[in-house]
Amino acid sequence: MEWMTTAEGWAALLTLTVLEIVLGIDNVIFIAIVAGKLPPGRRERARRTGLFLAMFIRIALLLSIVCSASTCRAVRSSSPAAGSS
């Protein structure tokens, strides 16, 4: 939770939040356009499936970033300090 005390951490959170909102709106528009080309009986299912998959993939990518960051932090803390022998 060290990021909460730095301006860089808050800037990164704000940037990520804005990107998520913009990409979420982009997904909704794209899915609506593509689903609109389907027969009327399949549109609703296509919209729901598309939105679910978009949400699932976005959450999976965010979790992979968190996991990667925590793994990097663990590796850095377990490696010997530079210059010490």
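Residues numbered from 1 in each chain as written. Predicted model: local features only at pLDDT ≥ 70, side-chain atom pairs only at ≥ 80, totals over all residues. Heavy atoms only, no water.

K.L.:
Lay out the overall build of the chain in plain terms, naming residues and giving numbers.
P.N.:
In terms of regular secondary structure, the chain is built from 2 helices and 0 strands. Burial analysis of the chain (85 residues in total) assigns 7% to the buried set. (Helix = DSSP H or I, 4+ residues; strand = E, 2+ residues; numbered from the N terminus. Buried < 20%, exposed > 50% of the residue type's maximum accessible area, 1.4 Å probe, protein only.)

K.L.:
Now, about the pattern of salt bridges: what can you tell me, with residues and values included?
P.N.:
Taken as a whole, this structure holds 3 salt bridges when the rule is applied. Glutamate 44 serves as the salt-bridge partner of arginine 47, at 3.9 Å between the closest nitrogen and oxygen. Here the residue arginine 47 and the residue glutamate 44 both occupy positions in helix H2 (residues 40–78), the gap between them amounting to 3 residues, near one helical turn. Linked through salt bridges whose partners overlap, the residues forming this network are Glu44, Arg47 and Arg48. (Salt bridge = Lys/Arg side-chain N within 4 Å of Asp/Glu carboxyl O.)

K.L.:
An account of a nonpolar patch on the surface is needed here, citing residue identities and associated values.
P.N.:
On the surface, a nonpolar cluster with roughly 820 Å² of combined accessible area is contributed by Phe52, Leu53, Met55, Phe56, Ile57, Ile59, Leu61 and Leu63. Following the sequence through the fold, methionine 55 ends up in helix H2. With relative accessibility at 47%, the residue methionine 55 sits in the partly exposed group. (Patch = residues over 30% accessible without salt bridge, like charges linked within 9 Å, V, L, I, M, F, W, Y side chains within 5 Å. Areas by Shrake-Rupley, 256 points an atom, 1.4 Å probe, with all protein chains shown as cover.)

K.L.:
Outline the environment of leucine 16, listing residues and values.
P.N.:
Among the secondary structure elements, leucine 16 is positioned in helix H1 (residues 7–36). For leucine 16, a relative accessible area of 38% gives the class partly exposed. For the pair leucine 16 and leucine 62, spaced 46 residues apart in sequence, the C-alpha separation works out to 10.0 Å.

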